[in-house]
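# Examining the three-dimensional arrangement
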Amino acid sequence: QRSAGGDDAGERGLELEKDPSDEATANLLDEAAVVAGRARVFLVPTMNPDGFSAKRRNNAASKDLNRDFPDQFNEPGMPARFDARQPETAAMMRFSEGVNATAALNFHEGALVANYPYDAISGTNRKAGYSKSPDDAAFRRLAKVYARAHPTMATAANEEFPEGITNGARWYPLWGGMQDWHYIKTQTMDITVEVNERKWPDESRLARLWNEHAPAMIAYATAVATQSTTGKVTDSATGEPVRGAVLAVAGVDDVRFTPSRRTGYYARFLAPGRHEVTASAPGYYPQTRTTDAGARLDISLRRMEDAAGAVPATEDGDDG
């Protein structure tokens, strides 16, 4: 099963020291340097250190952290309620809300597949079934980037998942998971990677796991860093970032993402093709622009008060 880092040995095993004299590793380091030069990259070695040390799924309080996040179906509005969460969950929520990440990977074990939202499904029968998010096409594209960069994840050798990807709820539904919360509440495109069919693999397999997954991790990060639609939302008069700005993409229902309040910068990984992107903010006229996925799109918004203060002149200049 997927977890938030409790009984997944591989997630810490992937932090192997790399030999710069090895050509393949050197190439990966060069690719990683390109990513680091274009994006901020945050590494969380484990979310559940107590569970990891005890070789168990749950944390020290016997709670499954990947069932502890606010859930869209069980908790309408997904209130934070930090006091009701486990400390590890609350810490991750606060961290994620602060960094405004475009995308994320979290590593678990128990299968070999790239899993994308939604994990949870509505209804009372709670049977497995495809639970489609508004960004389903973009998620499938991202998951395939990872799976196809892995040597066996997207091949016939992977009998359970020959494409190397799966919708979470279609595989098996879960509620209170981090992946869905990340997407809905922080607009982060989060994919869960199951790195190995066997939990707690032998130490002798860790180097092999690293060699299998490192190129896929770099491919995923490169896609996000170089193929996301990016830009700034600014005030047309001052050029300053617009506070309270929100962006939406036509056809991606009920999803709004926000640029940085400090810089106005935004980044969003979209499905291939052309998209209508609308920027809006309180006190400003909304503006809709058309762009290709992966292109740069800067949007300037005009204040309503500026328009209201403008007095159009008559043809002959006489106001009477």
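In what follows, the structure referred to is the one given above.
Residues numbered from 1 in each chain as written. Predicted model: local features only at pLDDT ≥ 70, side-chain atom pairs only at ≥ 80, totals over all residues. Heavy atoms only, no water.

### Some thoughts on unusual backbone geometry
Cis geometry marks the peptide bond from Pro-117 to Tyr-118; its omega dihedral reads -5°. Following the sequence through the fold, Tyr-118 ends up in the loop between strand E2 (111-116) and helix H5 (136-149). Positioned with a positive phi, Trp-200 is a non-glycine residue whose angle comes to about 55°. Its relative accessible area of 22% is what places Trp-200 among the partly exposed residues. (Helix = DSSP H or I, 4+ residues; strand = E, 2+ residues; numbered from the N terminus. Buried < 20%, exposed > 50% of the residue type's maximum accessible area, 1.4 Å probe, protein only.)

### Some words on the sheet that holds strand E8 (residues 274-280)
Within a sheet, each strand pairs with its neighbour through backbone hydrogen bonds, oriented either parallel or antiparallel. Taken together, three strands build an open sheet; the order of strands is E6-E8-E9 and the sheet is antiparallel. Two strands in the sheet have a free side with no partner beyond their single neighbour: strand E6 (246-249) and strand E9 (287-292). This sheet shows a mean twist of 25° between the axes of neighbouring strands, independent of strand direction. In the sheet, E6 pairs with E8 via four bridges, with the strands oriented antiparallel. Across the sheet, the residue bridging to Leu-247 is Ala-279, located in E8. (Pairing = 2+ DSSP bridges. Axes fitted to C-alpha atoms, helices over the stretch in contact; angles between N-to-C directions.)

### Let's talk about helix H2 (residues 23-38)
Between its terminal C-alpha atoms H2 stretches 23 Å, which fits the 22 Å expected from 16 residues at 1.5 Å a residue. Along H2, the residues that are buried comprise Thr-25, Leu-28 and Val-35. The buried residues of H2 occupy an angular sector of 75° when projected down its axis, which confines them to one face. Exposed side chains of H2 directed beyond 90 degrees from the buried face belong to Glu-23, Asp-30, Gly-37 and Arg-38. On its buried face, H2 sits against helix H8 (206-227). (Expected span 1.5 Å × (residues − 1). Arc of directions from axis to C-beta. Contact = heavy atoms within 4.5 Å.)

### Remarks on the pattern of salt bridges
Applying the stated criterion to the full structure yields 10 salt bridges. Two residues, Arg-57 and Asp-64, come together in a salt bridge whose shortest N-O distance is 2.5 Å. In terms of burial, Arg-57 and Asp-64 fall into one category: buried. Among the charged side chains, a salt-bridge network with shared partners connects Arg-57, Asp-64 and Arg-67. (Salt bridge = Lys/Arg side-chain N within 4 Å of Asp/Glu carboxyl O.)

### What about a nonpolar patch on the surface?
On the surface, Phe-42, Val-44 and Phe-95 cluster together to form a nonpolar patch covering roughly 250 Å² of accessible area. On the secondary structure map, Val-44 appears in the loop between H2 and helix H3 (49-54). (Patch = residues over 30% accessible without salt bridge, like charges linked within 9 Å, V, L, I, M, F, W, Y side chains within 5 Å. Areas by Shrake-Rupley, 256 points an atom, 1.4 Å probe, with all protein chains shown as cover.)

### Description of the sheet that holds strand E3 (residues 165-167)
With respect to topology, four strands assemble into an open sheet ordered E1-E4-E2-E3, the strand pairing being mixed. For this open sheet the edge positions go to strand E1 (103-108) and E3, each flanked by a neighbour on one side alone. Ignoring which end each strand starts from, the neighbouring axes of this sheet average 25° apart. For E2 and strand E4 (residues 189-196), the ladder comprises five bridges, and the chain directions are antiparallel. Directly across from Ala-114, in E4, lies its bridge partner Val-193. Lying on the sheet, H5 is in contact with E1, E2, E3 and E4; it crosses E4 at an angle near 35°.

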